[in-house]
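So the chains spell out like this:
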Amino acid sequence: MSLNDRVRASITAALAQLANAGDLGEQGKSALAEDVAFSVERPKRPEHGDLATNVAMVLTKRVGKPPRAIAEALVKALASSDVVKSAEIAGPGFVNLRLHADAFHHELRDILRAGTWYGRPPSGSGERINLEFVSANPTGPMLVAHGRGAIFGDSVGRLLEATGHRVAREYYVNDFGNQVRLFAASVLASSQGKPVPEDGYKGAYIDELARWLTKVDPASLASDEATLGRTCVTWMLRGIPGSKDLPGIKRTLADLRVEHDVWYSEESLHRWGAVGVALRQLDDSGFLVRKEGAVFFKAKDEGADDKDRVVQKSDGLYTYFASDIAYHADKVARGYDRLINVLGADHHGYVARVRNALEALGLPSERFEALLFQLVFIYRDGEVVKSSKRAGNIITVEEVTQEIDEASGRKGAGADALRFFFLSRGANSNVEFDIELAKKKSLDNPVFYVQYGYARLCSIAKKATELGIARPTTLSAREWATLVDADELAIAARLAEFPETLREAAANREPHRIVFFIQELAREFQSYFTRKKTDPILPQASVRAVAGWEKTWDFDKTAARLAWIEAIRCVYAQGLDLLGVSAPERMDLPAAIAAEDDGALA
RNA sequence: GCCCCCGUAGCUCAGUGGAUAGAGCAGCGGUUUCCUAAACCGUUGGCCGCACGUUCGAUUCGUGCCGGGGGCGCCA
């Protein structure tokens, strides 16, 4: 039971007590018979207490009494609570609550017991979910927009798993159709020293792939277009060893800490006849119409001919939409409770079509859920860097992560930065990613700030161990009793909000809620840490220099604060893990500062 | 013409049917020898795009409009 639940229980118990005593009037008992949907939230202003509830306002209609009258009775009834220390009426009928320090200690004990699993329901208790994301055309390197889809989708997957769902992560490989044919033709032309075909693919990676195939698999260049296309796609996914232009989509994703369980081939749907079967079924049910020499999937609303979608072109070839119908039918057949698609916002028109197609096939279209994300803008020195295929000035994930990795001297720094910034906005907002800011090893870089907060927590624990001070995770009542500082309890209250934050972030598919939570936690702790320099957690050198300091030092308080630090660390680590941002136990000093420190010592 | 997203502080963005709408950055003022820091504290700054409606109460829900971005049957 969470802190919030315990407060709710206290309120519910107090209300029941009032109803039984007849203090809520004639309707009191019946009013409480049904669940009362009231809120218990941290008020915006700290002077309004630890938590506040609107229960009196919610009950006013059912009970037929003014909110303040109900609130007054509730305040009296709460006087005997062992959770709520004091309650007062405020505003239109809010009841502001202050809690006993022990209520927070109870929560800290729960966190220490659960560790980094704090706030999670049992796994496997939720839905079986197919989460399709990225699915970038394997005819080119991953661009930053794909990166956003990859990172967002992955983090949504982490949130879903943390809330008890079973998630299969899937990448739909578009290895069929015009684009792949054109891709093969472009590579072939390059290998023969000819100009690439009109509308073909250009770029260093095409030439590199052509040279590579000439070297390792010349037979593929002599095979038919479809076979060559599949071979090229395979190398695009795998990558050419040591290549900068063609690192491989799987490698790029792995570097972003994104893994897929299933790589599903579009071409296989055609090879096994699944597309034909699905279209046949639609045709039998009257959902297809032939006109102008092509086959169309009929729009849902009658008479909207212009919304019909082509599934088979007049040249007899299927469109991608035909594959998609078969693909989603196959996902349903694989038994998932829910099919989630992470898509760039420019694909929004696709959502209704897939849903309609599933419905037309007699499949449960309500299982289909699309998550759309907006654009990414890369900034450098305050200027937006143009990213469009047409301009030929494309920005790949690889370029950005490499630049940041090199600047910070740490492999993974680029992935941390991309993940943190991309996840720090709602999917419906554009993301601005400032490369110069992301490269900074200073606290005005939010990624650095948050990671540094975590490193500090670890550093304190490490220092305690070095000083030979024990860090028990179960404390005596006497030790807990020393943890009464308002700032410390406020952070405990923040930690207690984590389970609900996690629940909401997962339910709404909003990883950015975790980013904001972690940022606030980081800020609160960093602030505490700086302000409490006069009352440090551990005995500092000046204290330890005095003989017999152990006799006057309050070890109970140190133990309680170290347990508190560990509880913060558990929640903090879980938050970072949900984001896929690394949680460093120490921060490397930039060379300049490290040199300065050496000089000071010498 | 139709569809989707956005419009909140100088900038980038959170947020919510309820109390005096928040954060970061930027600006201004102050503090800081010790558990690794360029931090920390305080503060200036808002017709929450506009109008109407629902409601005891709307920045939040609904409708319309204005502005910005994106997408609209033989590309994927």
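Quantities reported herein were computed from a predicted structural model and do not represent experimental measurements. (Residues numbered from 1 in each chain as written. Chains lettered and ligands numbered in written order. Predicted model: local features only at pLDDT ≥ 70, side-chain atom pairs only at ≥ 80, totals over all residues. Heavy atoms only, no water.)

S.K.: Can you tell me about the overall build of chain A, naming the residues and giving the values?
M.R.: Assigned secondary structure in chain A consists of 27 helices and 15 strands. For chain A, the spread of C-alpha atoms along the three principal axes comes to 85 × 80 × 40 Å. Among the 602 residues that make up chain A, the fraction classed as buried is 50%. Contacts in chain A between residues at least 24 apart in sequence constitute 69% of all its contacts with a sequence separation of at least 6. Counting only carbon and sulfur atoms, one obtains 51% of the accessible surface of chain A, whose full area is about 28,500 Å². (Helix = DSSP H or I, 4+ residues; strand = E, 2+ residues; numbered from the N terminus. Buried < 20%, exposed > 50% of the residue type's maximum accessible area, 1.4 Å probe, protein only. Contact = heavy atoms within 4.5 Å. Areas by Shrake-Rupley, 256 points an atom, 1.4 Å probe, with all protein chains shown as cover.)

S.K.: Describe in detail the packing of aromatic side chains, supporting the description with residues and values.
M.R.: The tally for this structure, following the rule as stated, stands at 19 aromatic pairs. Measuring from centroid to centroid gives 4.5 Å for tyrosine 171 and tryptophan 263, while their planes differ by 25 degrees, and the two rings are stacked. You can see tyrosine 171 sitting in strand 6 (residues 166-173) and its partner tryptophan 263 sitting in strand 7 (residues 262-265), a full 92 residues away along the chain. On the accessibility criterion, tyrosine 171 (0% relative accessible area) is buried. Taken together, a centroid distance of 5.0 Å and an interplanar angle of 45 degrees make the contact between tyrosine 264 and tyrosine 327 tilted. Pair noted here: tyrosine 264 is in strand 7 and tyrosine 327 is in helix 14 (residues 320-333), with a separation of 63 residues, a long-range link. The two residues tyrosine 264 and tyrosine 327 agree in class, both being buried. Taken together, the aromatic side chains of Phe420, Phe421, Phe422 and Phe433 make up a single cluster linked through ring pairs. Here the guanidinium or amino end of arginine 120 rests over the ring plane of tryptophan 117, the centre of that ring lying 4.7 Å away. (Phe/Tyr/Trp six-rings, centres within 6.5 Å; stacked < 30°, edge-to-face > 60°. Lys NZ or Arg CZ within 6 Å of the ring centre and 35° of its normal.)

S.K.: I'd like a description of the sheet that holds strand 4 (residues 94-99), backed by residues and values.
M.R.: In spatial order, the strands read 1-2-4-3; together these four strands make up an open sheet with antiparallel pairing. Edge positions in the open sheet fall to strand 1 (40-41) and strand 3 (84-90), since each of these has one partner strand only. Bridge analysis of strand 2 (residues 51-53) against strand 4 gives three bridges, and the strand direction is antiparallel. Residue pairing across strands places leucine 51 opposite leucine 97, the latter belonging to strand 4. Sheet contacts for helix 4 (residues 67-77): strand 3 and strand 4; angle to strand 3, the most-contacted strand, approximately 165 degrees. (Pairing = 2+ DSSP bridges. Axes fitted to C-alpha atoms, helices over the stretch in contact; angles between N-to-C directions.)

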